[in-house]
Structures are given as C-alpha cells and as structure tokens.
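What follows is each chain in one-letter form.
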Amino acid sequence: MEATSEPLLDAKSEVTNQLVDFQWKLGMAVSSDTCRSLKYPYVAVMLKVADHSGQVKTKCFEMTIPQFQEKKITNGLTFIPQLY
Amino acid sequence: MDFAEQSCKLPTLTSEEALPPRSPWCFCTGYLGTSRPPWRGKAQLLWGAGPSQSMAAGEFEGGKPLNGLLNALAQETFHGHPGITEELLRSQLYPEVLPEEFRPFLAKMRGILKSIASADMDFNQLEAYLTAQTKKQGGITSDQAAVISKFWKSHKTKIRESLMNQSRWNSGLRGLSWRVDGKSQSRHSAQIHMPVAIIELELGKYGQESEFLCLEFDEVKVNQILKTLSEVEESITTLISQPN
C-alpha cells in the first residue's frame, strides 16, 4: 500500500535511516583506572535516527580528534553539495 | 640431604622479591638437580664468590628473551590478547629458569611495563624511572633497562592507542563510507537528478563486533551537517589553542 503523499526521500531499503537529530560534545579523557595519564580530547556524538517505519533510535559514539579531522569525513561530506 | 642443607646456608638473597613464593628449599633442590651450571650470576652467588647482587637481576638475560617477554605482556595487558600462559613464556624464553623464580620476575616486568604505560612516560621520565629501578634492591640490570627502554620507544604509540580504546566505553567510529546516488525517476514523481547522499557508519564497542548504520541525506541535511561539523572544528581549535 503506497502512501499517496510523496515522501521526501524514497528509502531504498529498510536498513536506511534518516537523521533526525545530531548532538555533539567535546570531551577530555583525563585519567582512568588502567591509565593514570590519558589526556586525550574526543568528540562524542549522539544521533537520533528514524527508520522506514518512523521508529526513532539513539546512537552514541566517540571519535578521537585525529579521526574527526580525517579527510575522509570532512572532504567526503563537503564534496557532496557540489553534486547537487 | 646434608649437602642440600649446607648449600642453602650460603650467601642468601637480599631482596624479598627475588625469593620464590614457596620455601627456599626449592631454590637449592632445583639447582642441585642440574648437571651443568644454571644461568649467569647464580653460580657465583651460590658458591659465595662475586659481589652480592640481587638474585632476580643477575639471573635473567636481557636481549631477545626479554624483548619477547615484553611483547607477550603487551599483547596480554594492553592489546587484549590473553592466553599466553606463564609456563609457555618460561619454556620458550627462559627454559633454564625454574617456574618459582620465573613468576616473580614476570610479575616485576609486568609491573614496570604497566607503570610506564600508565604514566605515559616521555623519554626523560622513562630514563629516570629505569635508572631508579636499576638502583633499587630486587630491581633490574642495566641490560634489562636498555631492552625495556627500546621496547617502550617503539611500542609506545600502539600501547597508548590500545589504552585509549579500552577506556572508551561508548562505541567508537571504526569506519565511514559514503556514496551519492542520483535519483532519476520514481514511481511517485518524474523528478530528475535528485541526488541523495548515503553514508554508512561503522560503529563498535571495544572488543565487540561492528554495527553498521546507514543514513540518507538530502541537500538540506548535508549542509546542516557540514555547518555542525565546522562548529565542532571551531570548538576543537579553541580547546587545543588553550594552555593546559
């Protein structure tokens, strides 16, 4: 049963999700029980994603700064608008 | 039996660390059983010759066996690959050493490696720390210190990375792939050339299988994300430029 209103994006398959919200924070790991001198900054991200049925899930993950700055992420995404 | 008793009355070990966990007898009986002299330094100590040097320091070689030992310890302690038993290490790297003597030695090396990694020592701190270890009772030889120093210098980055991974209890971003599809037509509309960005994130917790998250973005969303990413970038720049 197809909906009569056009969805903004035809989801190709059930596994593709839409991003509903993107929250981030910059943290600093200082010390831990296994390593007294951690001292590394990291980016923590919380994504809210909706699947094809509209169910919203939360996904959290972290990246180190070098990972965040990796060309793949920024270059890849900045390339996309050029295609529109 | 008399001979055994007599041997054990010779110059004794000065450090508690060097003593095997069980009675001093096993030290003598093990030694007496061999037909050839055991490791360097021990013969001198038993027969009363030579300076009184800490047993643990004198009896274990540095060089390749120690390097192998440190590698095994790093695998187990930092990189999450346990399963290398004490007995396997001993028989492969120090076959002439008794298990009772090997155990405290292994514990000492493990302790030293953990201390160095925990403090994330730079090279100055490392030299100072290892020098102190060579000077103390039941410490290490300068040969062993040199091997440990070389090991830390070449493995520091990897060990640190493992420690960082272990301390991250959220999922980490293991990989990111993206693709842009050009939708030409669909059943509902005759739209031509509506690009859709598809990004696949590979996420995973330490020691667990990866989870894949696939997201679709239109042009508006992509620009929003890019704006957010530049805000994060700005924040990072501010943080890094601040003095500690």
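Residues numbered from 1 in each chain as written. Chains lettered and ligands numbered in written order. Predicted model: local features only at pLDDT ≥ 70, side-chain atom pairs only at ≥ 80, totals over all residues. Heavy atoms only, no water.

Under the annotation held in an unreviewed UniProt entry, chain B carries the name COMM domain-containing protein 1 and is attributed to Callithrix jacchus.

Chain A appears in an unreviewed UniProt entry as COMM domain-containing protein 6 from Callithrix jacchus. According to its UniProt record, chain A has this under Sequence similarities (unreviewed entry): "Belongs to the COMM domain-containing protein 6 family." A UniProt comment under Function (unreviewed entry) is attached to chain A, and it reads "Scaffold protein in the commander complex that is essential for endosomal recycling of transmembrane cargos; the commander complex is composed of the CCC subcomplex and the retriever subcomplex. May modulate activity of cullin-RING E3 ubiquitin ligase (CRL) complexes. Down-regulates activation of NF-kappa-B. Inhibits TNF-induced NFKB1 activation." (UniProt positions renumbered as here; feature names shortened; annotations may be inferred.)

Chemist: What am I meant to see in the packing of helix α5 (residues 63-77) of chain B against helix α7 (residues 99-118) of chain B here?
Modeler: Packed helices, taken two at a time, are described by the angle their axes make and the gap between the axes. Residues and elements named next belong to chain B. Remark: α5 packs on α7, axes separated minimally by 10 Å, with the N-to-C direction vectors making an angle of 65 degrees. Between α5 and α7 lies a crossing of right-handed hand. Seen from α5, the contacting residues are L66, L69, L70, L73, A74, E76 and T77; seen from α7, they are F102, F105, L106, M109, R110, L113 and K114. Taken together, the residues of the contact of α5 with α7 break down into ten nonpolar, one polar and three charged. (Axes fitted to C-alpha atoms, helices over the stretch in contact; angles between N-to-C directions. Helix = DSSP H or I, 4+ residues; strand = E, 2+ residues; numbered from the N terminus. Left-handed = near helix turned anticlockwise from the far one by under 90°. Contact = heavy atoms within 4.5 Å. Nonpolar A, V, L, I, M, F, W, Y, C, P; charged D, E, K, R; others polar.)

Chemist: I tried to follow the interface of chain B and chain A on my own but got confused; where do I start?
Modeler: You'll often see interface size given as the accessible area lost when the parts meet. Taken together, the contacts link 55 residues of chain B with 48 residues of chain A. For the chain B and chain A pair, buried surface summed over both sides reaches about 5000 Å², with 66% attributable to carbon and sulfur atoms. On the chain B side of the contact with chain A, L173, H188 and E216 of chain B bury the most area, a combined 13% of that side's loss. Our count for the contact surface shared by chain B and chain A stands at one salt bridge. Between K59 of chain A and E211 of chain B there is a salt bridge whose closest N-O contact spans 2.5 Å. Here chain B is connected to chain A by 16 residue pairs in polar contact (both at pLDDT 80 or more). At the level of secondary structure, the elements contributing two or more residues to the side of chain B that touches chain A comprise α7, α9 (142-167), β1 (171-183), β2 (194-204), β3 (211-217) and α10 (219-241) of chain B. Looking at the side of chain B that touches chain A, the element that brings in the most residues is α10 of chain B, giving 15 residues. (Buried area = accessible area lost by both parts, 1.4 Å probe. Salt bridge = Lys/Arg side-chain N within 4 Å of Asp/Glu carboxyl O. Polar contact = N/O pair within 3.5 Å; in protein donor to acceptor, adjacent residues only side chain to side chain.)

Chemist: Mind showing me how you'd approach unusual backbone geometry here?
Modeler: As a rule of thumb, non-glycine residues mostly have phi less than zero, and peptide bonds are mostly trans rather than cis. The phi torsion at K39 of chain A lies on the positive side, around 50 degrees, for a residue other than glycine. With respect to the secondary-structure elements, K39 of chain A resides in the loop between β1 (16-29) and β2 (40-50). Given a relative accessible area of 56%, K39 of chain A falls into the exposed group. The phi dihedral of D120 of chain B falls on the positive side, at around 45 degrees, and the residue is not glycine. Mapped onto the elements of the fold, D120 of chain B is located in the loop between α7 and α8 (123-135). (Buried < 20%, exposed > 50% of the residue type's maximum accessible area, 1.4 Å probe, protein only.)

Chemist: What should I look at first to understand the nonpolar core in this one?
Modeler: One recurring pattern in soluble globular proteins is that nonpolar side chains are buried together. In terms of nonpolar packing, the biggest core is built from 38 residues, with L66, L69, F102, I116, L130 and I148 of chain B touching the most fellow members. Beyond its immediate chain neighbours, meaning those up to four positions away, L130 of chain B contacts I112, I116, I140, A145, I148 and S149 of chain B. In terms of nonpolar packing, the next biggest core, distinct from the first, is built from 25 residues, I65 of chain A together with A197, L226 and V232 of chain B among them. (Core = buried A, V, L, I, M, F, W, Y, C linked by side-chain atoms within 4.5 Å.)

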